[in-house]
Amino acid sequence: MLAFWERAAEGVSISDDPAGVTRLVERDPGALLVAERDGVLVGTVIAGFDGWRCHLYRLAVAPEARRQGVGTALLAAAEERFAALGGRRADAMVLRRNVTAHRAWEAGGYGPQEAWVRWVKPLS
């Protein structure tokens, strides 16, 4: 998974290590959605729901599989998961500089919410 994200995702996170992925899967096994083609990983999205908000992370599609509906299918699966859990609105963290991703998110019906700024503090 980490090697795939290095190749297909934009940016890195403090959680991008084996322990981080293990914690995610152990805490909420249904949150990590993957797309495979002929047994090869071609896409991912993390669809996390905390009981209050629906959060999307790590929408990544292998460069050779882009513009083939993989991202669209992953977002549809994430939205179905959220609806089944009672979620009412999904948000996504998207880097400002990742213009390619902006087009994909817009095609999925998402848009920036300029009134908000993300504030962070590393805990370790």
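You'll find the chain entered in an unreviewed UniProt entry as Acetyltransferase (GNAT) family protein, with Streptomyces harbinensis given as the organism.

Applying the stated rule across the entire model yields four salt bridges. Note that Arg 7 and Glu 64 form a salt bridge whose closest N and O atoms lie 3.0 Å from each other. In this pair, Arg 7 sits in helix 1 (residues 2-8) while Glu 64 sits in the loop between strand 3 (54-61) and helix 3 (70-85), placing the two residues 57 residues apart along the sequence. Across the pair Arg 97 and Glu 10 runs a salt bridge, and its minimum N-O distance is 3.2 Å. Of this pair, Arg 97 sits in the loop between strand 4 (90-92) and helix 4 (99-107) while Glu 10 is found in the loop between helix 1 and helix 2 (18-27), placing the two residues 87 residues apart along the sequence. The class for Glu 10 is partly exposed, based on a relative accessible area of 37%.

The subject of this paragraph is the UniProt feature "domain: N-acetyltransferase" (unreviewed entry) in the chain. The feature "domain: N-acetyltransferase" (unreviewed entry), as given by UniProt, occupies residues 1-124 in the numbering adopted here. Across residues 1-124, the secondary structure splits into 34% helix and 22% strand, with the terminal C-alpha atoms separated by 22 Å.

The nonpolar side chains of soluble globular proteins are, as a tendency, buried together. Membership of the largest hydrophobic core comes to 28 residues, with the highest contact counts inside it found for Trp 5, Leu 56 and Val 70. Of all the secondary-structure elements, those providing two or more residues to this core are helix 1, strand 1 (32-37), strand 2 (40-49), strand 3, helix 3 and helix 4. Every residue in contact with Trp 5, bar those within four places of it in the chain, is listed here: Asp 16, Val 21, Leu 32, Thr 44, Ile 46, Arg 58 and Ala 60.

This part is about the side chain of Arg 81. Mapped onto the elements of the fold, Arg 81 is located in helix 3. A polar contact of 2.8 Å, which involves the side chain of Arg 81, links it to the backbone oxygen of Ala 47. Excluding residues that lie within four positions of it along the chain, Arg 81 makes contacts with Asp 28, Gly 30, Ala 31 and Ala 47.

Applying the stated rule across the entire model yields one aromatic pair. Ring centres of Trp 105 and Tyr 110 lie 5.1 Å apart, and the angle between their planes is 80°; on these two criteria the pair is classed as edge-to-face. Its relative accessible area of 8% is what places Trp 105 among the buried residues. The ring centre of Trp 5 lies 5.4 Å from the NZ or CZ of Arg 58, which sits over that ring.

It is worth spelling out the sheet that holds strand 2 at this point. Spatial ordering of the open sheet is given by 1-2-3-4, a layout of four strands whose pairing is mixed. Each edge of the open sheet carries a strand with a single partner, namely strand 1 and strand 4. Adjacent strand axes in the sheet meet at a mean angle of 25°, parallel and antiparallel pairs treated alike. Where strand 2 meets strand 3, six bridges bridge the pair, whose relative direction is antiparallel. For Thr 44, the partnering residue across the bridge sits in strand 3 and is Ala 60.

Thresholds applied
- Here the residue numbers are simple positions, counted from 1 along each chain's written sequence.
- For a predicted model such as this one, the threshold for reporting local features is a pLDDT of at least 70, and the threshold for listing and counting side-chain atom pairs is 80 or more; totals across whole chains, interfaces and linings nevertheless cover every residue.
- The side-chain numbers reported here are obtained from all heavy atoms of the structure, hydrogens and water having been left aside.
- Any carboxyl oxygen of Asp or Glu within 4 Å of a side-chain nitrogen of Lys or Arg constitutes a salt bridge here.
- Labels follow the DSSP assignment, with helices taken as runs of H or I lasting at least four residues and strands as runs of E lasting at least two, numbered in each case from the N terminus.
- Under the scheme applied here, a residue whose accessible area is under 20% of the maximum for its type counts as buried, over 50% as exposed, and between as partly exposed, the area being computed with a 1.4 Å probe on protein chains only.
- UniProt positions are given in the numbering used here, feature names are shortened, and annotations may be inferred rather than shown by experiment.
- The definition of a nonpolar core used throughout is a set of buried Ala, Val, Leu, Ile, Met, Phe, Trp, Tyr and Cys residues joined through side-chain atoms within 4.5 Å.
- Contacts: residue pairs with any heavy atoms within 4.5 Å of one another.
- What qualifies as a polar contact is a pair of N or O atoms within 3.5 Å, subject to a donor-acceptor requirement within protein and to the restriction that residues adjacent in sequence count only when both atoms come from side chains.
- The criterion for an aromatic pair is that two Phe, Tyr or Trp rings (for Trp, the six-membered ring) have centres within 6.5 Å, with stacked assigned to planes under 30 degrees apart, edge-to-face to planes over 60 apart and tilted to the rest.
- Look at NZ for Lys and CZ for Arg. If either is within 6 Å of the ring centre and within 35 degrees of the ring normal, a charge sits over the ring.
- Any two strands between which DSSP finds at least two bridges are classified as paired.
- Only the stretch in contact is used when fitting a helix axis, every axis being a line fitted to C-alpha atoms; angles between N-to-C directions are given from 0 to 180 degrees.

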